[in-house]
Amino acid sequence: ALPILYTSNMNKIDFCMLSIAFIVLFNGCCSSKRLPERCVCQCLIFPTTNFEGCYLIEVDKDGYIITRVGEKADSVTHAVLNDIHISTQHMRLLKNTCEREKKLLGKDEFLKLQEQISKLKDVSIDNIFLESWENDSWAVILLTEEKQYIFPYWDCNNSSIEELLKSLERESPINIELR
């Protein structure tokens, strides 16, 4: 147990209130939760030179896959270039959604996606955008409950991530068109 230090001017109630405030602040700032509560993974596929025509694919714990089309949020490029921990509870990936479709996955498809996501627990890739921004290309931000992956669409260099990306695109209720 840690010793309790307070001055004679500080009474026990003030100390308790200060302690509670510190615990709330500490837990809020150190939260590693990346995704909304019911979400298994999110995948943002976006052009590097344009804000429009971005796809956000989300798989939830009830077996639904939701795809939205819209504009990339202003904070996305900054987060990618600075390798910032992305938490969709505090940062939007997409704004001005112009299209949204939702589909219930079959049991086999949902289990396959869950298996592919679980394979990523031990996978690490470098964010190459820290070294060089690829203009006129497509990029991907893939978020799971534990990790984030940021990579060029055409050059992931990891078969487990590529397999999951292709499955998300195949199951998406909206056709993903990279123009």
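Before going into details, it helps to say that this report is about the structure given with it. Chains are numbered independently. Their residues run from 1 in the order of the written sequence. Predicted model: local features are reported for residues with pLDDT of at least 70 only, side-chain atom pairs are reported and counted for 80 or more only, and whole-chain, interface and lining totals are derived from all residues. The basis for every side-chain value is the complete set of non-hydrogen atoms in the structure, without hydrogens or water.

**Considerations on the pairing of strand β2 (residues 54–60)**
Here is step 1 of the chain: Think of it in three bands: with a 1.4 Å probe and only protein chains considered, a residue is buried below 20% of the maximum accessible area for its type, exposed above 50%, and partly exposed in between. The helix count covers DSSP runs of H or I at least four residues long, the strand count covers runs of E at least two residues long, and both are numbered beginning at the N terminus. Summarising burial for β2: seven of the seven residues are buried, a large majority.
Here is step 2 of the chain: When strand β1 (residues 39–47) meets β2, the two strands line up antiparallel, connected through six bridges. Residue cysteine 43 lies in a different strand from β2, and its bridge partner there is isoleucine 57.
Here is step 3 of the chain: One requirement defines pairing of two strands: DSSP has to find at least two bridges between them. In this antiparallel pair of consecutive strands, β1 and β2, the connection spans six residues, and glycine 53 shows a positive phi of 75°.
Here is step 4 of the chain: Examined bridge by bridge, β2 and strand β3 (residues 64–72) share six bridges and lie antiparallel to one another. Note on β3: the bridge partner recorded for cysteine 54 is glycine 70.
Here is step 5 of the chain: The antiparallel hairpin formed by β2 and β3 contains three residues in its connecting segment, where glycine 63 sits at a positive phi of about 95°.

**A few points about the packing of aromatic side chains**
Here is step 1 of the chain: Side-chain rings of Phe, Tyr and Trp, where Trp is taken by its six-membered ring, are said to pair if the distance between their centres is within 6.5 Å; with planes under 30 degrees apart they count as stacked, over 60 as edge-to-face, and otherwise as tilted. Tallied over the full model, the rule gives one aromatic pair.
Here is step 2 of the chain: For the pair tyrosine 153 and tryptophan 154, a centre-to-centre distance of 4.6 Å together with 85° between the ring planes defines the contact as edge-to-face.
Here is step 3 of the chain: Note on tryptophan 154: relative accessible area 59%, which makes it exposed.

**Considerations on the pattern of salt bridges**
Here is step 1 of the chain: Throughout this description, the term salt bridge denotes a Lys or Arg side-chain nitrogen within 4 Å of a carboxyl oxygen of Asp or Glu. Enumeration over the complete set of coordinates arrives at six salt bridges.
Here is step 2 of the chain: The closest approach of N and O atoms between glutamate 145 and lysine 61, which form a salt bridge, is 3.2 Å. One end of the pair, glutamate 145, is in the loop between β5 (138–144) and β6 (148–152); the other, lysine 61, is in the loop between β2 and β3, with 84 residues separating them in the sequence.
Here is step 3 of the chain: The exposure class assigned to lysine 61 is partly exposed, which follows from its relative accessible area of 37%.
Here is step 4 of the chain: Put simply, glutamate 171 and lysine 103 hold a salt bridge, and the shortest N to O gap is 3.4 Å. With glutamate 171 in helix α4 (residues 159–171) and lysine 103 in strand β4 (residues 94–104), this pair connects stretches of sequence that are 68 residues apart.

**Some remarks on the packing of helix α3 (residues 107–118) against α4**
Here is step 1 of the chain: Note on definitions: angles span 0 to 180 degrees between N-to-C directions of axes, and those axes are lines fitted to C-alpha atoms, for helices only across the stretch in contact. Taken N-terminus to C-terminus, the directions of α3 and α4 make an angle of 155°; their axes are 9 Å apart at the nearest point. Considering their axes alone, α3 and α4 lie roughly antiparallel with respect to each other. Handedness of the crossing formed by α3 with α4: left-handed. On α4, the residues touching Glu109, Lys112, Leu113, Gln116 and Ile117 of α3 are Glu163, Leu164, Ser167, Leu168, Arg170 and Glu171.
Here is step 2 of the chain: The residue classification treats Ala, Val, Leu, Ile, Met, Phe, Trp, Tyr, Cys and Pro as nonpolar and Asp, Glu, Lys and Arg as charged. All others, Gly included, are polar. Its residues assigned to classes, the contact of α3 with α4 comprises four nonpolar, two polar and five charged. Just so you know how the angles are binned, under 35 degrees is roughly parallel, over 145 roughly antiparallel, 65 to 115 roughly perpendicular, and the rest oblique. Note: crossing handedness is left-handed where the near helix turns anticlockwise from the far helix by less than a right angle, and right-handed where it turns clockwise. Only heavy atoms enter the contact rule, under which two residues are in contact if any of them lie within 4.5 Å.

**Describing the nonpolar core**
Here is step 1 of the chain: The term nonpolar core refers to a set of buried residues drawn from Ala, Val, Leu, Ile, Met, Phe, Trp, Tyr and Cys, joined through side-chain atoms within 4.5 Å. The biggest cluster of nonpolar side chains holds 28 residues, and the ones touching the most others in it are Ile45, Leu142 and Leu168.
Here is step 2 of the chain: Filtering out sequence-adjacent residues up to four positions away, leucine 142 remains in contact with Gln42, Cys43, Leu120, Lys147, Gln148, Tyr149, Phe151, Ile161, Leu164 and Leu168.
Here is step 3 of the chain: By size, the runner-up hydrophobic cluster in this structure holds 17 residues, among which are Phe46, Ile141, Leu143 and Ile150.

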